[in-house]
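Geometric and topological summary
Letter by letter, the chains look like this.
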Amino acid sequence: MKISKTLLAGALGLMLTPMLANASGRDQLNKFTQGLKSLRGGFAQQVYDAKGRLKTSSSGRVSMSRPNLFRWEYVKPYQQLIVADGKTVWIHEPDLKQVTKREQGTEEQNSPLTVLTDPAKLDALFIAREGGVTNGVEWLNLTPKNKADAGVESARLGFKDNALYQIDLKDSLGQTTKMVFAKWERNVGLPAGNFKFVVPKGTDVVGN
């Protein structure tokens, strides 16, 4: 399975702190960065085509640290590792014995998920609207002011049980990526090498 640039960008600063009960989506977002240093949890992902048909399902673990470090691990159905070390994004696909690398830059800076690490960008980059409550999930809807830079047509952040519960990203082709999160650990001690990638022996490197 290959990860899209939309999802990769979305991987930076993906989930950040508990919310205040009964607060609006914007209020929850404004509280996210307070005291946060690191975060770790699990996720389940589903990708749907423009007609709402399920294309792929996967699951794994994610960890991150401010300001721009993350480690995104797909475990099922195929293994894949994405590491952002602050300068470079590494995508390792063990089955193919291949690593793709690229500069960590514009796509991450303009992702809808940057507002989780830098709420000041919310009104500069997006039109934000409260999305209401559905099945106990409270939503904040984001529409990029510059969709080309953001890499998505729209995004939704959902909150449940005092935590970020779900993120939906819709691309220009109408495809929707839904990620549901669980078992958050906030401000945990992460291994020193967690956000460093060493190319395994016998692995091809593709990219700049």
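Residues numbered from 1 in each chain as written. Predicted model: local features only at pLDDT ≥ 70, side-chain atom pairs only at ≥ 80, totals over all residues. Heavy atoms only, no water.

- Labelled according to an unreviewed UniProt entry, the chain appears under the name Outer-membrane lipoprotein carrier protein, originating from Lysobacter soyae.
- Heading Function (unreviewed entry) of the UniProt record for the chain holds this comment: "Participates in the translocation of lipoproteins from the inner membrane to the outer membrane. Only forms a complex with a lipoprotein if the residue after the N-terminal Cys is not an aspartate (The Asp acts as a targeting signal to indicate that the lipoprotein should stay in the inner membrane)."
- In UniProt, the chain has this text filed under Subcellular location (unreviewed entry): "Periplasm". (UniProt positions renumbered as here; feature names shortened; annotations may be inferred.)

Re unusual backbone geometry
- In this structure, the amide linkage connecting Lys-76 to the following residue, Pro-77, adopts the cis form with an omega of -5°.
- By secondary structure assignment, the location of Pro-77 is in the loop between strand E3 (69-76) and strand E4 (80-84).
- Phi angles above zero are rare outside glycine, and Asn-135 is one such case at about 50°.
- Its relative accessible area of 73% is what places Asn-135 among the exposed residues.
- Backbone geometry places Lys-183, a non-glycine residue, at a positive phi of 55°.
- Following the sequence through the fold, Lys-183 ends up in strand E11 (residues 176-186). (Helix = DSSP H or I, 4+ residues; strand = E, 2+ residues; numbered from the N terminus. Buried < 20%, exposed > 50% of the residue type's maximum accessible area, 1.4 Å probe, protein only.)

A short note on the packing of aromatic side chains
- Tallied over the entire structure, the rule returns five aromatic pairs.
- Between Phe-43 and Trp-72, the ring centres sit 4.4 Å apart and the planes meet at 20°, which makes this aromatic pair stacked. Pair noted here: Phe-43 is in strand E1 (residues 38-48) and Trp-72 is in strand E3, with a separation of 29 residues, a long-range link.
- Through pairs of rings, three or more aromatic residues link up here, namely Phe-43, Trp-72 and Tyr-74.
- The ring of Trp-139 has Arg-156 lying over it, and the distance from NZ or CZ to the ring centre is 3.7 Å.
- Against the face of Tyr-48 rests Lys-178, its NZ or CZ located 5.4 Å from the ring centre. (Phe/Tyr/Trp six-rings, centres within 6.5 Å; stacked < 30°, edge-to-face > 60°. Lys NZ or Arg CZ within 6 Å of the ring centre and 35° of its normal.)

Quick word on the sheet that holds strand E5 (residues 88-93)
- Read from one edge to the other, the open sheet built from 12 strands follows the order E7-E8-E9-E10-E11-E1-E2-E3-E4-E5-E6-E12, with strand pairing classed as mixed. Unpaired on one side and paired on the other, strand E7 (126-134) and strand E12 (204-207) mark the two borders of the sheet. When the angles between neighbouring strand axes are averaged without regard to direction, this sheet yields 20°.
- Pairing of E1 with E11 involves nine bridges; the strand directions are antiparallel. (Pairing = 2+ DSSP bridges. Axes fitted to C-alpha atoms, helices over the stretch in contact; angles between N-to-C directions.)

As for the environment of Tyr-48
- Mapped onto the elements, Tyr-48 comes out in strand E1.
- Not counting residues within four places of it along the chain, the set of residues in contact with Tyr-48 comprises Arg-53, Leu-54, Lys-55, Gln-175, Thr-176 and Lys-178.
- There is a polar contact of 2.6 Å between the side chain of Tyr-48 and the side chain of Gln-46. (Contact = heavy atoms within 4.5 Å. Polar contact = N/O pair within 3.5 Å; in protein donor to acceptor, adjacent residues only side chain to side chain.)

Observations concerning the pairing of E5
- Within E5, six of the six residues are buried, which leaves the element mostly enclosed by the surrounding structure.
- Connecting E4 to the next strand, E5, in antiparallel fashion are three residues, including Gly-86 with a positive phi near 105°.
- Sheet topology note: the E5/strand E6 (residues 98-103) ladder contains six bridges and is antiparallel. Within E6, the residue paired with Trp-90 across the bridge is Lys-101.
- Hairpin connection from E5 to E6: four residues lie between these consecutive antiparallel strands, with Lys-97 at a positive phi of about 50°.

Observations regarding the pattern of salt bridges
- Under the criterion given, the structure shown has six salt bridges.
- Note that Arg-26 and Asp-123 form a salt bridge whose closest N and O atoms lie 3.1 Å from each other. On the criterion of sequence distance, the pair formed by Arg-26 in helix H2 (residues 25-31) and Asp-123 in helix H5 (residues 122-125) is long-range, its members being 97 residues apart.
- The exposure class assigned to Arg-26 is partly exposed, which follows from its relative accessible area of 27%. (Salt bridge = Lys/Arg side-chain N within 4 Å of Asp/Glu carboxyl O.)

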